[in-house]
Each structure stands twice: as C-alpha cells, then as structure tokens.
Amino acid sequence: MDQQSLLFQAMVYLAAAVVMVPLAKKLGLGSVLGYLLAGVVIGPAVTGFIGNEGQDIMHFAEFGVVMMLFIIGLELEPKRLWKLRKSIAGLGTLQVLATGLAIAGLAMAFGLPWKQALALGMIMSLSSTAIVLQTLNEKGLMNTAAGQSSFSVLLFQDIAVIPMLALFPLLVNLPDTTATESGHTQATLVDHLSGWGKTLVVLVTVGMIILSGRFLVRPLFRVIAATKLREIFTATALLLVIGIAVLMMQVGLSPALGAFLAGVVLADSEYRHELESDIEPFKGLLLGLFFIAVGASIDFQLIVQEPGFIVGAVLVLMAIKGIVLIVLGKTFGLKRDQNLQFAVSLCQIGEFAFVLLSFSLQQHILPASVTDRLVAVVAISMALTPLMMLMNEQLVLPFVGARIRQHDNQREADAIEERNPVIVAGFGHFGNTVGRFLRANGVKATYLDNDSDRVELLRKMGFKIHYGDASRYDLLQAAGAEHAKVIVIAIDSPEKRLEMIETVKKHFSHLHMFVRARNRYDAYDLMNAGMLHVYRETIDTSLRLGQDVLSFLGYRAYKVHRAAQTFLKYDEQVLKELASIRDGDEYIIASRSHMEELDRLLQADQQKQFTELESGWGEESLIAEANKPSP
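Here the structure is a predicted model, which is why all the values come from computation and not from measurement.

The rules behind these values
- Residues numbered from 1 in each chain as written.
- Predicted model: local features only at pLDDT ≥ 70, side-chain atom pairs only at ≥ 80, totals over all residues.
- Heavy atoms only, no water.
- Helix = DSSP H or I, 4+ residues; strand = E, 2+ residues; numbered from the N terminus.
- Buried < 20%, exposed > 50% of the residue type's maximum accessible area, 1.4 Å probe, protein only.
- Contact = heavy atoms within 4.5 Å.
- Salt bridge = Lys/Arg side-chain N within 4 Å of Asp/Glu carboxyl O.
- Axes fitted to C-alpha atoms, helices over the stretch in contact; angles between N-to-C directions.
- Parallel < 35°, antiparallel > 145°, perpendicular 65-115°, else oblique.
- Left-handed = near helix turned anticlockwise from the far one by under 90°.
- Nonpolar A, V, L, I, M, F, W, Y, C, P; charged D, E, K, R; others polar.
- Pairing = 2+ DSSP bridges.
- Polar contact = N/O pair within 3.5 Å; in protein donor to acceptor, adjacent residues only side chain to side chain.
- Core = buried A, V, L, I, M, F, W, Y, C linked by side-chain atoms within 4.5 Å.
- Domains from an automatic or database assignment.
- Patch = residues over 30% accessible without salt bridge, like charges linked within 9 Å, V, L, I, M, F, W, Y side chains within 5 Å.
- Areas by Shrake-Rupley, 256 points an atom, 1.4 Å probe, with all protein chains shown as cover.
- Phe/Tyr/Trp six-rings, centres within 6.5 Å; stacked < 30°, edge-to-face > 60°.

Looking at the overall build of the chain
Argument step 1. For the chain, the helix and strand inventory stands at 28 helices and six strands.
Argument step 2. Buried positions account for 51% of the 631 residues belonging to the chain.
Argument step 3. Relative to all contacts within the chain whose residues are 6 or more apart in sequence, the contacts with residues 24 or more apart total 76%.

Here is the structure:
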C-alpha cells in the first residue's frame, strides 16, 4: 500500500483521532492532548506513518487556526470589547510587555543580538488561543474570573500580532542566504520593498480589510442570502476566510490575523450567527488536524541529541511566563485559586509562534539553528498545557483553596450576560407581533430569521435581527439556546417548524416551546409532535371577526364574549382527539359529531343566559351603538 497516498494519509489521521481523543477524554486529559498524542503516535518517533510530509500537513492545518480566529473575531461585538476594556488594555498589555522584555533580556544574556532577542521575546510572549479556549470550554471554566482574564489576555495577544508583524521587517538582521539554505523561502509581493515600505503595505492591507468588510462584504452576503441556498452561503463564507488568508500571505502577514480582523468587522452583522455556524465544522476538523500535526512535528531526535537545552528551554520559558502571570493576576485582584488557574492556563507558547518563527526565518531575522530548536520547544510546551491544567486542578488547587467553580460570580460572565431569556425564531407577521409585544413590555429576546430582505428591513427599523436557519443546532447554540428559558417558534415553513422542534427536544430540552400553527391541520402535526403550547394564527382573528358580526347584529357584548370563549374552549378540547384521527371517514364522522355537540352547547348556554332586552337597548339602538367610532 502506498503510504504517501492522500487516502491512506487521511485514514491514518482519522483513525488516530478516533482512537486517541475519546481515550484522552475518558482519562480526563481533554481532547487537545488527545490530538497531540495522536500526532506523536503516528509521527516519526513511534509508528512512522507520518514523516516529512507532516510539515506540509501543518501548513494546511494552520487554516484551522485561521478559522478559529475568524470565529473569535465574530464574537467580539463592540459592547463586549468595551466591557472587557480594562482587562484587555491593562492585563493583556502588561503581560505581553513584561513577558516579552523578560525573555528578550534572557536571550541577550545568552549572546543573541538585540534584534533577534526582541523578536524572540515577542514570539514567546504569546500563548495558545486554540488550546486554552478549548480546554477551558471543555472544563466549564470560561465563565470564571480565571477564564475571563485568560480570554482578555488571549484577545490582546491576538490583536498584538498586528504591530508585531509590522515591526518584524524592521528587525532584519541576517544575510539573505540564511532562509535560502534552510529551504523555507516563499516569494511574496513585498519582498523587494524596504522595511518601512513593508510596514506601510501592512497598514494599508489591514485598512483595506476593515473597509471591505464594512462596505463590500455585507452587501455581498445580502445577495447570497437572497438565493436561499445554504451551500452557496457556506461557500461564500469559506471564500471570504481563505481569500483573506491568501491576501495576507502575499503581503507577508499571518493569514490568521486577517481572518481575525474580518471577524471583528462582521461582529455586529446580521449574518454573524450564520457565518459562525457555517465555519464551525471546518474549524473543528482543521484544528484537530493542526494539533495532530503539532504532535507529529515534535523532533524527538533533536530532543535526544540536546535534551538539556530543549527541556531546559521549555521549563525556563514556561516558568518566566508563569511568574509574570501570577504577579499580574495578583495585581488585578484575582483570588489565589483563580490566579493559579490563570497562570497555568497561559504559561505555554502559542500556535502563532509556528507562524511567527517561519515569518522571522523568511525575513532573515532568526537563523534556522534557532527556529528549529524553538519549534520543538513550542510543541512540547503546548503538549504539556492540558496535562498541567489537569494536575493543577486535581493536585494543587485542593490544597490552596476551593476549586474553581463553574458559577463563580466574582466577575460576571459577559457571554452569559449577553444571552437573552427568550429566542424568537421567525420574524414574519406572526413573530413580528410577538416580538414587538415582548419589546414593549421590556423583555429582551434574540431574534432569528432566514429571509435576508426582511432582516435588512427590520434592522433599519431598529430590531437587531440575526440572519440564519433557526432549525439548525449550531445556530441555536450560537444564539444562546443553552442559557435561554423560552423559545417562540414562529417560522413560516411547517416542515421547518417540525424540524426545529426535534432539534430543540434533542439538544435543548430545558427550553419551553411556544409554537405557531398556521391552521388546525398544521396544529395537528405540532400536537402529534408533543407540543403543548400551540397557537393557531387564524383562530383568534376568525373569532374576533365573528364577534364583531354578532355585535353588529345586536347581540350584547357579554353574550358575544361568552359565546366566543365557549367556542374556543370546546374547540381546543377536541383538537387533540381530532389530531389522532385526522384522515379518513372516521375523521369526518368525529368532526360532524363535535360540530353538532358545539351547536347544542352554545344554544343551551344562550338559553341559560337569555334575558329580555332592557329599555332603550333594542336592535336598532344596538346597531347604532356598534357603528359608533371608537374614542
């Protein structure tokens, strides 16, 4: 069998993930460490299924990081950024500066020139967004003070990559032959420019992405959404992310950086949830592939040759970062157990280091002899992180204070705070009325609709509507269904309503469903699906029209109201019975019987309530009264 074939390689990667990830989860190690171990097992150090081609896989898998940064950008609404401004600007800034300067100083002490030391300090100051966020989410720690502080620092680090990449061209220190000898050259559009020229191109490119996202991408998505073809919308989302990645690589920047900027620009777009749910499956798959490639890329031969240097570098770098984080956490008021979790979570070196090390090699800043060793250091530090977090949680925290709880309320969780208790799916004529009524009574709700024209119109009217197919699990999850209490299912399509009911029952069983029905036949399907709160949009209007006719004909208001209530009560009672026999002769016979019974019931009630018309309230006066204009 050709072990270099695409199908064989795909089988190896998938088999390794399927075996190792559930095993790691079962042992409490987390999925990230499972992917890393899978990479080690299939890599050159163990079975050898993956050899030098693992580096090529790494370049492809980096798109997982690109998509992850795009989704992170989508989640950064201006309100949330403002809420975290102190942690982002304060804690994040101090972490990057203090860690970077400490590592740069250590590198200069070991004889590196100041330019190389400064670049090394910037690279090593970054932590792993992918590992930390995924591990914190799996452990339910994102809503703790440690989780929110970690998120703020990681967010600032992602933003800090922009000025770092802009400064790198100014730190060129080596002759051009360095990168050529290493075989890592890659032509870009800015290779012929000076350092200041490259910096200017970086700034212009970032500005273009921001302006394009604001004025070109949104109208494009409106056109695509109007086609109502889900696969085209998904293809457009992928084209946006990959197109930006290619553009950034052509100007010598990180593709993940461009995707992050695009996500931030689209964070308050009506298509935010749809984009997030479309990209999420690709992000998860490629991130898993990225972690496997990281595990496979660890050069154990180099570690065996230089164990003292590699292990020492890992321990020293993680210790420096940990000490800086503990000091900053204490300064910003984190409790002891929170501070330990915060420091352990971020003490590794992040996936951006692979990109920045490659970039520094291409730009002739760091020599290959340094970058090759640092790749092993970065990979080992990432692999140790889930294990260190587990050891901290199980062995350290019980002795220094209470374990970190998921519902720790030292700091309010922005993600929970921004969730609404009500989700309204479908904002047509029915859902619009419900939404306006809730809004008028001060009830906050999240509104979803898959009609792009309607979404655009309602946003102009002041409603914050999110575009997307509300019957999809991933979209409901992105809209906060896990934290909501009530969901109003008011979408137009009967088929989609039933599909959405099954999704909610399967994944969000805690939600109380209130479901729109177009008519009694639609209500039959919903009741057979187990719905208790079914609202026929025609029944109330029809009865109100009938009441107006009776009033016009001279019936007294009380009698009209009583007759309508009796009719509605009896009709609701027999609805469930008719739903079970909705077809065939049996249905016709039962319907006729119930109509006759209703006639007798109303006539008996009229006889019971019958009284003579009072003086002055004859038929003519009642008609005149009914025709009076409302005050």
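Still to come is the rest of the account.
Describing the pattern of salt bridges
Should their charged atoms come close, side chains of opposite charge can pair.
Argument step 1. Applying the stated criterion to the full structure yields nine salt bridges.
Argument step 2. The shortest N-O distance in the salt bridge between Asp278 and Arg472 comes to 2.8 Å. With Asp278 in helix α13 (residues 272-297) and Arg472 in the loop between β3 (465-467) and α22 (473-478), this pair connects stretches of sequence that are 194 residues apart. For the pair Asp278 and Arg472, one class covers both residues: buried.
Argument step 3. One salt bridge in this structure joins Arg373 and Glu306, with 2.6 Å as the shortest N-O distance. Of the two residues, Arg373 sits in helix α18 (residues 368-400) while Glu306 sits in the loop between α14 (300-305) and α15 (307-331), which places them 67 residues apart along the sequence.
Argument step 4. Taking the relative accessible area as the measure of exposure, Glu306 reaches 22% and is therefore partly exposed.
Argument step 5. A network of salt bridges, in which partner residues are shared, links Asp449, Asp451, Arg454, Asp492 and Arg516.

A closer look at the packing of helix α23 (residues 494-507) against helix α24 (residues 520-528)
Argument step 1. At a minimum axis separation of 10 Å, α23 and α24 run at an interaxial angle of 15 degrees. Classed by the angle they form, the pair α23 and α24 counts as roughly parallel. For the element pair α23 and α24, the recorded crossing hand is right-handed. Where α23 abuts α24, its residues Pro494, Arg497, Leu498 and Ile501 lie against Asp522, Asp525 and Leu526.
Argument step 2. Of the residues belonging to the contact of α23 with α24, the class tally is four nonpolar, no polar and three charged.

Some points on the sheet that holds β3
Strands belonging to one sheet form pairs held by backbone hydrogen bonds; the direction of such a pair is parallel or antiparallel.
Argument step 1. Reading across from one edge, β3-β2-β1-β4-β5-β6 is the order of the six strands in this open sheet, with parallel pairing throughout. On the outer flanks of this sheet lie β3 and β6 (534-536), each paired with one strand and no other. On average, adjacent strands in this sheet sit at an angle of 20 degrees to one another, irrespective of strand direction.
Argument step 2. The pairing of strand β4 (residues 486-489) with strand β5 (residues 512-517) spans four bridges and is parallel. Paired with Ile487 across the strands is Met513, a residue of β5.
Argument step 3. The strands touched by α24 are β5 and β6; relative to β5, the strand with the most contacts, the crossing angle is about 155 degrees.

Things to note about the packing of helix α5 (residues 85-109) against helix α6 (residues 114-124)
Argument step 1. Relative to each other, α5 and α6 sit at 140 degrees, their axes nearing to 7 Å. The angle between α5 and α6 places the two elements in the oblique class. Every pair of crossing elements has a handedness; the one defined by α5 and α6 is right-handed. Residues Thr99, Gly100, Ile103, Ala104, Ala107 and Met108 of α5 form the contact with α6, whose participating residues are Trp114, Ala117, Leu118, Leu120, Gly121 and Met124.
Argument step 2. Across the contact of α5 with α6, the residue classes tally to nine nonpolar, three polar and no charged.

Details of the side chain of Arg497
Argument step 1. Examined against the element boundaries, Arg497 turns out to sit in helix α23.
Argument step 2. In this structure the side chain of Arg497 is engaged in a polar contact, spanning 3.0 Å, whose partner is the backbone oxygen of Asp492.
Argument step 3. Residue contacts for Arg497: discarding those within four places in its chain leaves Ile489, Ile491, Asp492, Val515, Arg516, Ala517, Arg518, Asp522 and Leu526.

Focus: the nonpolar core
Argument step 1. If you look at the biggest cluster of nonpolar residues, it comprises 139 residues, and the most contacted ones within it are Phe70, Met124 and Phe291.
Argument step 2. At 11 residues, the largest contribution of residues to this core is made by helix α8 (residues 145-167).
Argument step 3. Two domains each put at least three residues into this core: domain 1 (56-174 + 187-404) and domain 2 (413-613).
Argument step 4. In this structure, Phe291 is in contact with Val32, Tyr35, Leu36, Ala130, Ile131, Gln134 and Met382, ignoring residues within four places of it in sequence.
Argument step 5. Ile423, Met513, Met531 and Val534 belong to the second-largest nonpolar core, a separate cluster that totals 24 residues.

What to know about a nonpolar patch on the surface
Argument step 1. A cluster of nonpolar side chains, contributed by Leu384, Leu387, Met391, Leu395 and Val396, occupies part of the molecular surface with about 390 Å² of accessible area.
Argument step 2. Locating Leu395 in the fold gives a position in helix α18.

Side note on the packing of aromatic side chains
Argument step 1. Taken as a whole and assessed by the stated rule, the structure comprises four aromatic pairs.
Argument step 2. Seen from their ring centres, Tyr473 and Phe508 are 5.6 Å apart, and the 25 degrees between their planes marks the pair as stacked. Taken as a pair, Tyr473 in helix α22 and Phe508 in the loop between α23 and β5 lie far apart in primary sequence, 35 residues in all.
Argument step 3. Judged by relative accessible area, Tyr473 falls into the partly exposed class, the value being 33%.
Argument step 4. Pairwise contacts between aromatic rings join Phe221, Phe233 and Tyr467 into one cluster.

Distances and angles like these do not, on their own, reveal function.
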